[in-house]
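What follows is each chain in one-letter form.
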Amino acid sequence: MRAVLTWRDKAEQCIYDLAFKPDGTQLILAAGNRLLVYDTSDGTLLQSLKGHKDTVYCVAYAKDGKRFASGAADKSVIIWTSKLEGILKYTHNDSIQAVSYNPATHQLASCSSNDFGLWSPEQKSVSKHKSSSKIICCSWTNDGQYLALGMFNGVISLRNKNGDEKVKIERPGGSLSPIWSICWNPSREERNDILAVADWGQKLSFYQLSGKQIGKDRPLNFDPCCVSYFTKGEYILLGGSDKQVSLFTKDGVRLGTVGEQNSWVWTCKVKPDSNYVVVGCQDGTISFYQLIFSTVHGLYKDRYAYRDSMTDVIVQHLITEQKVRIKCKELVKKIAIYKNRLAIQVPEKIIIYELYSDDSSDMRYRVKERIVKKFECNLLVVCSDHIILCQEKRLQCLSFSGVKEREWQMESLIRYIKVIGGPPGREGLLVGLKNGQILKIFVDNLFAIVLLKQATAVRCLDMSASRKKLAVVDENDTCLVYDIHTKELLFQEPNANSVAWNTQCEDMLCFSGGGYLNIKASTFPVHQQKLQGFVVGYNGSKIFCLHAFSISAVEVPQSAPMYQYLERKMFREAYQIACLGVTDTDWRELAMEALEGLEFETAKKAFIRVRDLRYLELINSIEERKKQGETNNDLFLADVFAYQGKFHEAAKLYKRSGHENLALDMYTDLRMFEYAKDFLGSGDPKETKMLITKQADWARNINEPKAAVEMYISAGEHVKAIEISGDHGWIDMLIDIARKLDKAEREPLLMCAHYFKKLDNPGYAAETYQKIGDLKSLVQLHVETQHWDEAFALGEKHPEFKEDIYMPYAQWLAENDRFEEAQKAFHKAGRQGEAVRVLEQLSNNAVVENRFNDAAYYYWMLSMQCLNIAQDPAQKDTMLTKFHHFQHLAELYHCYHAIHRYTEEPFSSHRPETLFNISRFLLHSLTKDTPLGISKVRTLFTLAKQSRALGAYKLARHAYDQLRGLYVPARFQKSIELDSLTIRSQPFHDNEELVPLCYRCSTNNPLLNNLGNVCINCRQPFIFSASSYEVLHLVEFYLEEGITDEEAVSLIDLEAPRHKCENKWQEITGNNSQTLRLDETMNSMGDDDPFTAKLSFEQGGSEFVPVVVSRSVLRAMSRREVLIKRWPPPLQRQYFRSFLPDASITTCPSCFQMFHSEDYELLVLQHTHCPYCRRHIDDPSP
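Keep in mind the model is a prediction, meaning the values are calculated, not measured. (Residues numbered from 1 in each chain as written. Predicted model: local features only at pLDDT ≥ 70, side-chain atom pairs only at ≥ 80, totals over all residues. Heavy atoms only, no water.)

A. Main features of the pattern of salt bridges. Tallying each qualifying case throughout the model produces 38 salt bridges. With its nearest N and O atoms 3.7 Å apart, the salt bridge here joins D17 to K269. Of this pair, D17 sits in strand β2 (residues 15-20) while K269 sits in strand β26 (residues 265-270); the two residues are 252 residues apart in sequence, bridging distant segments of the chain. The exposure class assigned to D17 is buried, which follows from its relative accessible area of 14%. When its relative accessible area of 26% is taken as the criterion, K269 is described as partly exposed. Linking R341 and E354 is a salt bridge whose minimum nitrogen-to-oxygen distance equals 3.3 Å. With R341 in strand β34 (residues 341-346) and E354 in strand β35 (residues 349-355), this pair connects stretches of sequence that are 13 residues apart. (Salt bridge = Lys/Arg side-chain N within 4 Å of Asp/Glu carboxyl O. Helix = DSSP H or I, 4+ residues; strand = E, 2+ residues; numbered from the N terminus. Buried < 20%, exposed > 50% of the residue type's maximum accessible area, 1.4 Å probe, protein only.)

B. Inspection of a nonpolar patch on the surface at higher detail. A cluster of nonpolar side chains, contributed by Y1038, F1104 and V1108, occupies part of the molecular surface with about 220 Å² of accessible area. Within the element layout of this structure, Y1038 appears in strand β56 (residues 1034-1039). (Patch = residues over 30% accessible without salt bridge, like charges linked within 9 Å, V, L, I, M, F, W, Y side chains within 5 Å. Areas by Shrake-Rupley, 256 points an atom, 1.4 Å probe, with all protein chains shown as cover.)

C. Representation of the sheet that holds strand β3 (residues 26-31) within the structure. With antiparallel pairing, the four strands of this open sheet are ordered in space as β2-β3-β4-β5. Pairing within the sheet leaves two strands with one partner each, and these edge strands are β2 and β5 (44-50). Strand-to-strand, the axes of this sheet are offset by a mean angle of 20°, without reference to chain direction. Summarising the sheet, β2 and β3 pair through five bridges and their orientation is antiparallel. (Pairing = 2+ DSSP bridges. Axes fitted to C-alpha atoms, helices over the stretch in contact; angles between N-to-C directions.)

D. Representation of the side chain of S287 within the structure. By secondary structure assignment, the location of S287 is in strand β28 (residues 285-292). Here the side chain of S287 touches Q261 through a polar contact of 3.5 Å, side chain to side chain. (Polar contact = N/O pair within 3.5 Å; in protein donor to acceptor, adjacent residues only side chain to side chain.)

E. Inspection of the nonpolar core at higher detail. Grouped together as the largest cluster of nonpolar side chains are 55 residues, with contacts concentrated most on Y859, W860, Y893 and C1170. In terms of residue count, helix α21 (residues 852-869) provides more of this core than any other element does, 13 residues in total. Core analysis: the second largest hydrophobic core is formed by 50 residues, Y565, A591, L595 and F607 among them. (Core = buried A, V, L, I, M, F, W, Y, C linked by side-chain atoms within 4.5 Å.)

F. Fine view of the environment of Q1020. On the secondary structure map, Q1020 appears in the loop between α26 (970-982) and β56. In this structure, the C-alpha to C-alpha distance between Q1020 and Y999, residues 21 residues apart in sequence, is 9.0 Å. For Q1020, the residues in contact, after removing those within four places along its chain, are C998, R1000, V1014, C1015, V1035, E1036 and F1104. (Contact = heavy atoms within 4.5 Å.)

G. Quick peek at helix α4 (residues 600-610). Listed as buried for α4 are F600, T602, A603, A606, F607 and V610. Looking down the long axis of α4, one finds its buried residues gathered within 155° of arc, a one-sided arrangement. Tucked into the core, α4 has its buried residues touching α2 (571-580), α3 (584-596), α5 (613-627) and α6 (633-644). Residue R611 follows α4 closely and has a positive phi angle near 55°. (Arc of directions from axis to C-beta.)

H. Up close: the pairing of strand β14 (residues 135-140). With six of its six residues buried, β14 lies for the most part within the structure. Bridge count for β14 against strand β15 (residues 146-151) is five bridges, and the pairing is antiparallel. Across the sheet, the residue bridging to S139 is A148, located in β15. Here β14 folds back onto β15, and the loop between the two strands holds five residues, one of which, G144, carries a positive phi near 75°.

I. Highlighting the sheet that holds β56. Strand order in the open sheet formed by four strands is β59-β56-β61-β60, and the pairing between neighbours is mixed. Taken across any chain shown, the strands that pair with only one partner, and hence form the sheet edges, are β59 (1107-1109) and β60 (1122-1125). Averaged over all neighbouring strand pairs, the angle between strand axes comes to 40°, with direction disregarded. Taken together, the four bridges between β60 and strand β61 (residues 1134-1138) define a ladder with antiparallel strand orientation. Paired with L1123 across the two strands is F1136, which belongs to β61.

J. Inspection of helix α22 (residues 876-904) at higher detail. Taking 1.5 Å per residue as the helical rise, α22 with its 29 residues ought to reach 42 Å, and the 41 Å between its terminal C-alpha atoms agrees with that figure. Its maximal kink placed at Y896, α22 deviates by approximately 25°. (Expected span 1.5 Å × (residues − 1). Bend = angle between axes of the 7 residues up to and from the residue.)

K. Inspection of unusual backbone geometry at higher detail. Geometrically, the link from P1129 to P1130 is a cis peptide bond, its omega value of 10° lying close to zero. Here P1130 is to be found in the loop between β60 and β61.

This is the structure in structure tokens:
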């Protein structure tokens, strides 16, 4: 470190204090009763400010640079603007000793002999606080939270920004050691706030904010008057009675003198963010210095050691970027590094360190020796066992114990010295002198060896790895390279300031200068690239460059010198350069050049680096052929050219070496058929045909399929042509091929048909199948494409294919919910069992999903399917049983649909009477097992609710009693319990209007019938409406044996004349019922109504006696009174006589369910189909 005086001025009075404007452009000095304003760049006095009446003791600038303050012996403080205008003045009771601006809030602290004040622009008044002793100095912390006050009695008081004392530090010296200057470290990198304290006990101390002292007091041996930090807190300036400014580290280690003065130094400060220092003295001298910190460092291969913070040494591994810091706690003057040794010179000693291990990546150093002696030297070098000191013309060799072993006296000043290696204790030194001499010295030899003598002074030296060449940079910035043995100057290059040989390549060196890095290989031209700094090392592809105070490893590709060697076909040397570091492209270029030069060993190594297996296989095959005695280089080179894509050159070489067949194979393999033809000329026709065949194969393998198809067709390879056309979807080409083929060529035609189907062109596929007469495939095609009409037409002509058509057709219909059509299709296919199985599954699913209406429909369809199958005598009995079972289930689920909706939905579309009838019908029908999905609880719940609503209280009681014995869902529980209680308040009888009447025997039946849906008297089954489930006024009758259905219908249709019979009926009105009775006096075979005679029976009989009519009775009946269920065979028709012909009843022609005509018409209008069997209104009757 050295200080250079920039400018100096002299005032007439003592300079007690000074302050920089935060941007560093202005300097304010307190001189006498004036403030002097200087321009820091050149020392020009800008202005002299007069505002105080007495000596100005202190001055301070605000952090924002907008104002500054001054305090004087006239007890006043003046606030000035940055434009040098006074804007405010306030006073204390005594002279002002110190002022300081808060760096955060711009609050001003002003200190006098007996108090201190706090003022801010927001305040109108100054807040003052008494002090127990005279305040000499003050300083704010970085964050502006605390103010430190230095007292004359040796006490340091730490106050908050309100002025309250938080910490009190009492120095050991007391009043004998006044605190003359304090300053907080401005660095924001420090964990704690650190206060530097300088007292007149001639000590420098450091304290934390808590009041705890850091380390011990540092003795100064003079009275300090001022202490201040550099902007980043790395150094401290101290001035005082020793008439000089000293530079200290932030830990208090003295580094040196900034500038010696002729009188006491009262103030010294650092210009913000710079290395400029200004000093103010007792005699009025103002000195402005620039501090220049020289670089202290050392380098050996990939280890770089340099000085940091003046007292630390950092060793950096340039490859791994690892760093280690060695704290010396003294000024580091010189550094030397060599292998595992590190030497550091401090003012009073030299410390030698060594690595813990021989590991190249180890960065841990330990002290090996200390030479406790003060040395004066210009250069320091360390070897394995020695220290070399260089002082002008003299070199001294000392052992690590400090004993001088040898000394060399040179003819001229030593300008450069470097260890060039050697055995431990016998290392060689390369020394360059100012007179141009270059010497080699061995540390164990007294005699220096003169390598060569040149006319100009040496600036930098380096020796090549093999010790054969020497590179010198002289004072004229010229790089000169010599052959050491012959002393011959090999070449020289201008604009060089440093030079280094590549440690891994003998013929490569680099030098820097003029902002450029220059790389030179052998005697080739220099390759340049931009680079700032000095080259200090060159290892492989890494160049170590020192720029400013740091060193960095620059990765430099060695492409340029490699290509220089390649141009001269020096493949081995080019490979050595490439090994230092080039790109993959450069490696490939080297490999190709070496291959073309038939330098197979180098080419092989290069191809291994780029992992090109193809070329490695080529080289291996050539080497094998060479081992077998083949020596034709033209043939080898032809193979190389073929691999490189230089096919014409390869063909020429093949022809020249007598291997035309290889050229022909090459062209055909590459599908260069035109070139092959040109090369072949008018050769063998077989070879020409072979070329055409290969050309077709090639056209197929590349993206030229149309050309391939045309070639295959011309060659008669129809199968291959069809395959390509089909794979590419070329329908037109397939059509042309199929139509041109003869029908005898079955295989290609079938392939055409396959592709037509695959490409969704069934018409052409059908045409192809017809051409070859493959009817089965044609049927399968129509089925797969669902062209059913064509399939049916084909089935009519060829019945043997009917099952192949109707079976998939039926499955398709079933999948599309077209069950009636599916049933017919299954029938036509002869697969009734399949139809039944599908419908049974659908029925079961509908029940499980609570779709009871659908379930009823599916079960009805199942019954009809069974009836259809029953036409087969072998299955008649089984299928008729199933028919009646499914009919019964269809009725039950049809009824239960209404009850389920009533119990699940908030509103019902059914009248109470309908729900009442349905629930009764269901209970009467559920005498045995209850089918899946039907809930007896819901049925009884509905019956109870509707019975109560319609006045059938007795029946309601019975229903609630029945519910008590069943498991009732929670949501019905409360309602049932409540209704069970309230029903007891109702009469114990049923509404007589609800009682059903038997139209055969005119007996009133109970609402709840244990026998089921039959009369309790005559056992005649009731006929119910399929919508309201009221008992219809119908009585079923049977034909006498021997009367056929056709005869019965013809007899009924005769319409024989009859007398009116109204007066033969007697109306009997009882207490609870009304009945109609046929007059008993009438002749049983009378003309009035022969049918009525058939209604007679034995009262109370337990067996049901059906009504059987004869021809005469049939003849007497009217067509409008008779309803016929025309069941298909094997079932017989059912006949019913209406007792109220005027009340019209409609029978569905499909399901034969009976309805009141009005109800049926309304339901059909609503749903457009029968509510039971879903026969559409427009469908013709069966």
